[in-house]
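Secondary and tertiary structure notes
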Amino acid sequence: MSIKKFNTSRPSGKLLVIAAVTAVVIVALGVWALRYIKRPVIDLRGQQDALLYIPTGSDFDDVCQLLNLDGWLTDEAQLRMIAGFKHYTGKVKAGRYAIKDGMTANELINRLRSGNQLPVKVTFNNVRTLPQLASYAARNLEADSAEILSAMTDTALVRKYGFNSQTLPAMFIPNTYEFMWNTSGEEWMERMNREYRHFWNEKRMHKADSLKLNQVEVATIASIIEEETNKVDELPIIAGIYINRLRKGMLLQACPTLKYALGDFTLRRILKKDQEVESPYNTYKYAGLPPGPIRIPSITALDAVLNAADHEYLFMCARPDGSGRHNFARTNAEHARNAAIYQQELNKRKIYR
């Protein structure tokens, strides 16, 4: 039987040269590639930082166009290559992203692919109406005021959170919140409801229960007292007055509710004819609280109701000195004297309406 012998001779010089050249080429290409991908593709033209806003529904071409718009992108081909390699081209995430001068394509794509966007702050206070609130929110969000207002007036969505069109203002707790820029109208509602539930913790719920009020009723009283005065120290006193009147079954006779019913908060004098307006918000005509808040009350006003002053006052009247403060009374006779002095001052100033 014959035995095959393997050729154990060394490679020829020619093969060694080819191998060596190939190795050099591979190393050279590797070095070039490494230097290439480490080369910055973002030039912010003298800025150190900038913000890139990627709208909802954008694709990768849109991202490139946005970067080119201000001349920030210096090597689109490299960015496209890295984006394809990292499978970003079909997975663009909308948002507000911080980018830095000198970023490489790899760094930029990693940032955008992660969806790690910078939040925005939304602050609202001293808000009377839902359209006004929508305008506040839209200042720093991708969604415009129309989209946000549409969500706030969506009957099914409002009902989902346990409210209706009249009670919904109670759900919004004025404060400063962080949102993702691309928050939608429905996401806005979800977040506001979450903040509402967070605000109404066990301690506040216990205080409301002790007053025999629910959250909407607390917010309704808070909205009225906030329209009555801008003096923080008077808020608990006025809250106590309305709670006392409710307990005695008296008409609230709250001027702010009448102004709301008339659609004019600028009125400086309430006339007898105004008290006849037909509206469930007319507390001169209908007993109990109106159907819902007449504005979006502040946390200060809400807590003032929960910590209402314990006293025997049933009446209040603005002081004639223009200080914005009030005189409080226990009896109708005492209140009538205070009111007469105030009316005389209005006449003196020729304020007849």
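The following paragraphs examine the structure supplied in this document. (Residues numbered from 1 in each chain as written. Predicted model: local features only at pLDDT ≥ 70, side-chain atom pairs only at ≥ 80, totals over all residues. Heavy atoms only, no water.)

Quick word on the packing of aromatic side chains
Definition in use: Note on aromatic contacts: the rings of Phe and Tyr and the six-membered ring of Trp form a pair at centre separations within 6.5 Å, being stacked when their planes are under 30 degrees apart, edge-to-face when over 60 apart, and tilted otherwise. Under the DSSP-based scheme used, a helix requires at least four consecutive residues in state H or I and a strand at least two consecutive residues in state E, with every element numbered from the N terminus. Summary of the burial criterion: residues with accessible area below 20% of their type's maximum are buried, those above 50% are exposed, and those between are partly exposed, where the area comes from a 1.4 Å probe applied to protein chains only. Two limits define a charge over a ring: the Lys NZ or Arg CZ must be within 6 Å of the ring centre, and within 35 degrees of the ring normal.
With the rule as written, the count across this model stands at 11 aromatic pairs. Look at Tyr-260 and Tyr-281: their rings are 4.5 Å apart centre to centre, the planes differ by 50 degrees, and that puts the pair in the tilted class. With Tyr-260 in helix 12 (residues 255-262) and Tyr-281 in the loop between helix 12 and helix 13 (299-306), the pair connects residues that are 21 residues apart, well separated along the chain. Since its relative accessible area comes to 7%, Tyr-281 is described here as buried. Grouping aromatic residues by their ring pairs yields a cluster made of Phe-124, Phe-172, Tyr-177, Phe-179 and Trp-188. When the ring centre of Tyr-136 is taken as reference, the NZ or CZ atom of Arg-139 above it lies at 4.5 Å.

Concerning the environment of Asn-282
Convention followed: Definition of a polar contact: a pair of N or O atoms within 3.5 Å, with one able to donate and the other able to accept a hydrogen when the atoms are protein atoms, and with sequence-neighbouring residues admitted only if both atoms are side-chain atoms.
Within the secondary structure, Asn-282 sits in the loop between helix 12 and helix 13. Taking the relative accessible area as the measure of exposure, Asn-282 reaches 0% and is therefore buried. Separated by 26 residues in the primary sequence, Asn-282 and Pro-256 have C-alpha atoms spaced 9.3 Å apart. From its side chain, Asn-282 meets the backbone nitrogen of Tyr-284 in a polar contact 2.9 Å long.

Considerations on a negative patch on the surface
Note the following rule: Residues qualify for a patch when their relative accessible area is over 30% and they have no salt bridge, like charges being joined within 9 Å and the nonpolar side chains of Val, Leu, Ile, Met, Phe, Trp and Tyr within 5 Å. Using a 1.4 Å probe, accessible areas were evaluated by the Shrake-Rupley method; residue-level cover was limited to the displayed protein chains. For salt bridges, the criterion is a side-chain nitrogen of Lys or Arg within 4 Å of an Asp or Glu carboxyl oxygen. Positive charges are assigned to Lys and Arg, negative charges to Asp and Glu, while His and the chain termini are left out of the count. Every charge is mapped onto a representative atom, which is NZ of Lys, CZ of Arg, CG of Asp or CD of Glu.
Side chains of Asp-144, Glu-147, Asp-154, Glu-186 and Glu-187 sit close together on the surface and give a patch of like negative charge. Tracing the sequence through the fold places Glu-187 in helix 8 (residues 185-199).

Considering unusual backbone geometry
Here Asn-126, not a glycine, exhibits a phi torsion of approximately 50 degrees, which is positive. Along the chain, the position of Asn-126 falls in the loop between strand 3 (120-124) and helix 5 (130-138). Notably, Lys-212 is not glycine yet its phi reads approximately 60 degrees, a positive angle. Mapped onto the elements of the fold, Lys-212 is located in the loop between helix 9 (202-210) and helix 10 (215-228).

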